[in-house]
Amino acid sequence: MNLQFAPMQGYAGGAYRRIHAKLYGGVDCYYTPFIRVEKGAPRRQDIERLKAAIGDGTNLVPQIIFGDFDEFNILTEAIKSLGLRRIDLNLGCPYPMQTGKGRGSAMIVDLSTMIKARDEIIQDPEVKYSVKMRLGWHDAKEWQPLMPLLNDMPLHHLTLHPRIAKQMYSGELLMPEFEKFLVESHNPVVFNGEIRTIADINQIKQNYPALSGIMIGRGLLARPSLGIEYATGEEWPKEKRLEMLRMFHSQLFTEYKASLCGDTQLLQKIKPFWDYLEPEIGHRAHKAIRKASTLSRYFDAISII
């Protein structure tokens, strides 16, 4: 089963992706956190990060988020100008800061913009487009009017997170609606949602053999070895996972330290690395890391692991 690393905003930046690919691997591609328009142009830091990541060996897929066709056009042209020929469209972000601008999951119901995007995609055969989406913004059936447009597009694949925006990242996965989506789609479908173990991967694969792949986000942040464990069929013992985790952290910390100024900035950047890792490192270490306000206390907390 094809495994993909989801675009985890604030977590899986360029250094994280590159070091994960080097130490672990086991995933087929990595998505960038979404690139957006700011003041009528692609956000400068998004484009600079994308430029820095080109050719880093991670099989990178840039993702864009847009609120109208002008933004779609601005972003796709900027990415193509860098020589990239894969673009993922974010129709799934549930956060009001984006949906309030018509972006993310709000785009699911903006059929007029999606008609223009469809026409552009059909006329742009050199680029392989994909779409990451939810079932809807307010309602789990909002995907249905959009599906004919999606079926018109020669997409690389469609990734579906079977929730609606107001559920954010919790609550029941709406699997009956996902099953209808899978049947209706003429494009390959990738599943995304609550994949945390090898057993989860195998269960989804068994239940839906027609799937093209599985996208994993929080599950890989919580267990970075998940992809390679699945790929090799070998479940790593706890000590091996922790040993690799320490190595991962060490290399990431070294890279952050080389580019950031001051302990406060460094702590703000490195502490999120541990946000989803409490099941791996234990409650005591996790709590100590969260509370650490100096590098000295931070490393005392790390030493508990």
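That block above? That's the structure.
Before going into details, it helps to say that this report is about the structure given with it. Because the structure is predicted, anything quoted here is derived from the model rather than measured. (Residues numbered from 1 in each chain as written. Predicted model: local features only at pLDDT ≥ 70, side-chain atom pairs only at ≥ 80, totals over all residues. Heavy atoms only, no water.)

Considering helix H12 (residues 263-270)
Short version of the rule: Buried, partly exposed and exposed residues are distinguished by accessible area as a fraction of the type maximum, computed with a 1.4 Å probe on protein chains only: under 20%, between the cut-offs, and over 50%, respectively. A helix here means a DSSP run of H or I that spans at least four residues, while a strand means a run of E at least two residues long, and both kinds are numbered starting from the N terminus. Here the arc refers to the set of directions running from the helix axis out to each C-beta atom.
Looking at H12, one finds that the buried residues are Leu 266, Leu 267 and Ile 270. Projected down its long axis, H12 shows its buried positions confined to an angular sector of 100°, all on one face. Exposed and facing more than 90 degrees away from the buried side of H12 are Thr 264 and Gln 268.

A few points about the environment of His 186
Among the structural elements, His 186 can be located in the loop between helix H7 (175-184) and strand E10 (189-192). With a relative accessible area of 63%, His 186 lands in the exposed category. Sequence-wise, His 186 and Asp 46 are 140 residues apart; in three dimensions their C-alpha atoms are separated by 32 Å.

Let's talk about the environment of Leu 60
Put simply, the test is: Contacts between residues were defined by any pair of non-hydrogen atoms, one from each residue, lying within 4.5 Å.
Along the chain, the position of Leu 60 falls in strand E5 (residues 60-61). Sequence-wise, Leu 60 and Tyr 31 are 29 residues apart; in three dimensions their C-alpha atoms are separated by 5.9 Å. Among residues more than four places away in sequence, those in contact with Leu 60 are Arg 17, Tyr 30, Thr 32, Leu 50 and Ala 53.

Considerations on the sheet that holds E5
We apply this condition: When DSSP finds two or more bridges between two strands, those strands count as paired.
Strand order in this open sheet of nine strands is E5-E2-E1-E11-E10-E9-E8-E7-E6, and the pairing throughout is parallel. Looking at which strands have only one partner, the edges of the open sheet turn out to be E5 and strand E6 (63-64). As paired strands, strand E1 (residues 2-5) and strand E2 (residues 29-31) are joined by two bridges and run parallel to one another. By the bridge assignment for E2, Phe 5 is matched with Tyr 30.

Considerations on the nonpolar core
Generally speaking, soluble globular proteins have nonpolar side chains that are buried together. Just so we agree on the cut-off: Among buried residues, those of type Ala, Val, Leu, Ile, Met, Phe, Trp, Tyr and Cys that are joined through side-chain atoms within 4.5 Å constitute a nonpolar core.
Counting residues in hydrophobic clusters, the biggest one holds 98 residues, and the most contacted among them are Leu 89, Leu 91, Met 133 and Trp 274. Broken down by element, the residue count for this core peaks at seven residues, all from helix H11 (residues 238-259). In this structure, Met 133 is in contact with Leu 91, Gly 92, Ile 108, Trp 143, Leu 146, Leu 150, Leu 158, Thr 159, Leu 160, His 161 and Phe 181, ignoring residues within four places of it in sequence.

Considerations on the side chain of Asn 151
Note the following rule: Whenever a nitrogen or oxygen atom comes within 3.5 Å of another N or O atom, the pair is scored as a polar contact, on the condition that within protein one atom can donate a hydrogen and the other can accept it, and that pairs from neighbouring residues in sequence are kept only if both atoms are in side chains.
Of note, Asn 151 is situated in helix H6 (residues 143-152). Within the structure, the side chain of Asn 151 is placed 2.7 Å from the backbone nitrogen of His 186, a separation counted as a polar contact. Each residue touching Asn 151, except ones within four places of it in the same chain, is listed here: Glu 184, Ser 185, His 186 and Asn 187.

Let's talk about unusual backbone geometry
Trans peptide bonds make up most of the peptide bonds, and negative phi angles are found at most residues other than glycine. In this structure, Met 168 is a non-glycine residue whose phi angle is positive, near 55°. Residue Met 168 is classed as partly exposed on the basis of its relative accessible area, which comes to 27%. Of note in the backbone geometry, Glu 194 takes a positive phi value of approximately 55° without being a glycine. Tracing the backbone shows Glu 194 in the loop between E10 and helix H8 (198-207). Using a relative accessible area of 27% as the deciding quantity, one classes Glu 194 as partly exposed.

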